[in-house]
Amino acid sequence: MAHYKAADSKREQFRRYLEKSGVLDTLTKGAATPENPEIELLRLELAEMKEKYEAIVEENKKLKAKLAQYEPPQEEKRAE
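1. Some points on the overall build of the protein chain
Regarding its fold elements, the protein chain presents four helices and zero strands. Element order for the protein chain, N to C, with α for helix and β for strand: α-α-α-α. Looking at the protein chain as a whole, 1% of its 80 residues are labelled buried. Total accessible area computed for the protein chain in this model is approximately 8,000 Å², and 58% of it derives from carbon and sulfur atoms.

So this is what it looks like as structure tokens:
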């Protein structure tokens, strides 16, 4: 039983240390804080930019394929 109280005492001392140093508040506030509206706006902007990027990549592939129809392959250009 004495061993149990010693462990409890150490745990309580550590808890008080965390409270005094502000670590406990930081941990509890960090988990409970709602998202910053600016962060949400940035996430939305990022999602839009990813969509635009994918569309541009797709358009680039199509244009390269179209261009390949009109240009001779690179090897033929070098031979000339």
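2. Some details on the pattern of salt bridges
Tallying each qualifying case throughout the model produces two salt bridges. In this structure, R15 and E12 form a salt bridge, with 2.3 Å as the shortest nitrogen-oxygen distance. Note that R15 and E12 are positioned in helix α1 (residues 2–21) at a spacing of three residues, about one turn of the helix. Taking relative accessible area as the criterion, E12 reaches 31% and is therefore assigned partly exposed. One salt bridge in this structure joins R15 and E19, with 2.4 Å as the shortest N-O distance. One end of the pair is R15 and the other is E19, both in helix α1 and four residues apart, which spans about a single turn. R15 sits in the partly exposed class, given a relative accessible area of 34%. One network of salt bridges, with partners in common, ties together E12, R15 and E19.

3. Examining the confidence of the model for the protein chain
For the protein chain, per-residue confidence averages 82 on the pLDDT scale, and 79% of positions sit at 70 or higher. By mean pLDDT, helix α4 (residues 74–79) is the weakest element of the protein chain at 60, and helix α3 (residues 37–70) is the strongest at 93.

Here is what the cut-offs are and how they apply
Residues numbered from 1 in each chain as written. Predicted model: local features only at pLDDT ≥ 70, side-chain atom pairs only at ≥ 80, totals over all residues. Heavy atoms only, no water. Helix = DSSP H or I, 4+ residues; strand = E, 2+ residues; numbered from the N terminus. Buried < 20%, exposed > 50% of the residue type's maximum accessible area, 1.4 Å probe, protein only. Areas by Shrake-Rupley, 256 points an atom, 1.4 Å probe, with all protein chains shown as cover. Salt bridge = Lys/Arg side-chain N within 4 Å of Asp/Glu carboxyl O. pLDDT = per-residue confidence, 0-100.

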